[in-house]
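# Summary of the model geometry
Okay, here's what each chain looks like letter by letter:
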Amino acid sequence: MSAALSFVAPPPGLAPHVEFALTAVDGSDGLFTMRAVDDADLRLYLVDPDTVLHDYAPVLTDEQTAELSLESPDDAMLLVVAHPSAEGVSVNLLAPVVVNRGTGVASQVILEGQDYPLRAPLT
């Protein structure tokens, strides 16, 4: 799977970039790389939370839903940023990347009033 993503605003720490290529990592179900179109060395790892978590059910605000033109939950692809380290891999559950499956418009949103960690370890 490969997709072009166009962020409504640069993801935190990646300004001024808003155009990215999302590519599935071969042999790793649910793992993706997201590279800046204008700087292929700028890369993040994203994970489909459905492949590694069972109870993750974030709720977007009406404003976040409108910004991405999401008409139903099926329109949204939800991904979380992975942080590899010497201690293992953790994922940011508080600020998922949400993509409109039909348009490729994306945003890294902050989940308001939800008790998700910035670094949840994967086991």
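Summary of the structure given here. (Residues numbered from 1 in each chain as written. Predicted model: local features only at pLDDT ≥ 70, side-chain atom pairs only at ≥ 80, totals over all residues. Heavy atoms only, no water.)

## Considerations on the overall build of the protein
Stated precisely, the cut-off is as follows: To qualify as a helix, a DSSP run of H or I must reach at least 4 residues; to qualify as a strand, a run of E must reach at least 2; elements of each kind are numbered from the N terminus. Both definitions apply: the radius of gyration is a C-alpha atom measure, and the globule rule equals 2.2 Å times residues to the power 0.38. Whether two residues are in contact is decided by their heavy atoms: any pair within 4.5 Å suffices. Shrake-Rupley sampling with a 1.4 Å probe provides the accessible areas, and residues are treated as covered by the protein chains on show and by no other component. Only four residue types enter the charge count, namely Lys and Arg as positive and Asp and Glu as negative; His and the chain termini do not. Every charge is mapped to an atom, namely NZ of Lys, CZ of Arg, CG of Asp or CD of Glu.
On a plain count of helices and strands, the protein comes out with 1 helix and 8 strands. Secondary structure elements in the protein, listed N-terminal to C-terminal, are β-β-β-β-α-β-β-β-β. Over its C-alpha atoms the protein spans a radius of gyration of 14 Å, differing by no more than 12% from the 14 Å that the globule rule assigns to 123 residues. For the protein, long-range pairs separated by at least 24 residues make up 45% of all intrachain contacts whose partners lie at least 6 apart in sequence. Accessible surface computed for the protein: about 7,200 Å², of which carbon and sulfur atoms make up 51%. Once the 4 positive and 18 negative side-chain charges of the protein are each reduced to a mean point, those two points are 11 Å apart.

## Let's talk about the packing of aromatic side chains
The criterion, for reference: Planes of paired rings set the category: under 30 degrees apart is stacked, over 60 is edge-to-face and the rest tilted, where pairs are Phe, Tyr or Trp rings (Trp by its six-membered ring) whose centres lie within 6.5 Å. Here's how the labels work: a residue is buried when its accessible area is under 20% of the maximum for its type, exposed when over 50%, partly exposed in between, all with a 1.4 Å probe on protein chains only.
In the structure shown here, the tally under the stated rule is 2 aromatic pairs. A centroid spacing of 5.3 Å and a plane angle of 75 degrees characterise the contact between Phe-7 and Phe-20, whose relative ring orientation is edge-to-face. With Phe-7 in strand E1 (residues 2-7) and Phe-20 in strand E2 (residues 19-24), the pair connects residues that are 13 residues apart, well separated along the chain. Residue Phe-7 shares its accessibility class with Phe-20, and that shared class is buried. Pairing Tyr-56 with Tyr-116 gives two aromatic rings, centres 4.8 Å apart and planes at 75 degrees, and the pair type is edge-to-face. In this pair, Tyr-56 sits in the loop between strand E4 (39-47) and helix H1 (62-67) while Tyr-116 sits in the loop between strand E7 (105-108) and strand E8 (120-121), placing the two residues 60 residues apart along the sequence. Assessed through its relative accessible area of 12%, Tyr-56 is described here as buried.

## Comments concerning the nonpolar core
Where we set the bar: Take the buried Ala, Val, Leu, Ile, Met, Phe, Trp, Tyr and Cys residues and link them wherever side-chain atoms come within 4.5 Å; each set so joined is a nonpolar core.
Grouped together as the largest cluster of nonpolar side chains are 15 residues, with contacts concentrated most on Leu-5, Leu-22, Met-34 and Leu-46. For this core, the secondary-structure elements that each account for two or more residues are E1, E2, strand E3 (31-36), strand E5 (76-85) and strand E6 (88-100). Residues in contact with Met-34, not counting those within four places in the same chain, are Leu-5, Phe-7, Leu-14, Phe-20, Ala-21, Leu-22, Leu-42, Arg-43, Leu-44 and Leu-46. Grouped together as the second largest cluster of nonpolar side chains are 12 residues, Leu-70, Val-91, Leu-93 and Val-109 included.

## Section: a negative patch on the surface
Rules: Note on patches: the residues involved have over 30% relative accessible area and no salt bridge, like charges join within 9 Å, and the nonpolar side chains Val, Leu, Ile, Met, Phe, Trp and Tyr join within 5 Å. Salt bridges are counted wherever a side-chain nitrogen of Lys or Arg sits within 4 Å of a carboxyl oxygen of Asp or Glu.
A cluster of acidic residues, Glu-19, Asp-38, Asp-39 and Asp-41, forms a negative patch on the protein surface. For Asp-41, a relative accessible area of 75% gives the class exposed.

## Some points on the environment of Gln-64
Here is the rule: Counting of polar contacts relies on pairs of N or O atoms within 3.5 Å, with two restrictions inside protein: one atom must be capable of donating a hydrogen and the other of accepting it, and residues adjacent in sequence are counted only when both atoms are side-chain atoms.
Relative to the elements of secondary structure, Gln-64 occurs in helix H1. Separated by 46 residues in the primary sequence, Gln-64 and Ile-110 place their C-alpha atoms 9.3 Å from one another. Among the polar contacts made by the side chain of Gln-64, one reaches the main-chain carbonyl oxygen of Ile-110 at a distance of 3.0 Å.

## Considering the pairing of E1
In plain terms, the rule: If DSSP finds at least two bridges between two strands, the strands pair.
In terms of strand pairing, E1 meets E2 through 5 bridges, oriented antiparallel. Paired with Ala-3 across the bridge in E2 is Leu-22. The pairing of E1 with E7 spans 2 bridges and is parallel. Each residue of the ladder has a partner; that of Ser-6, found in E7, is Val-105.

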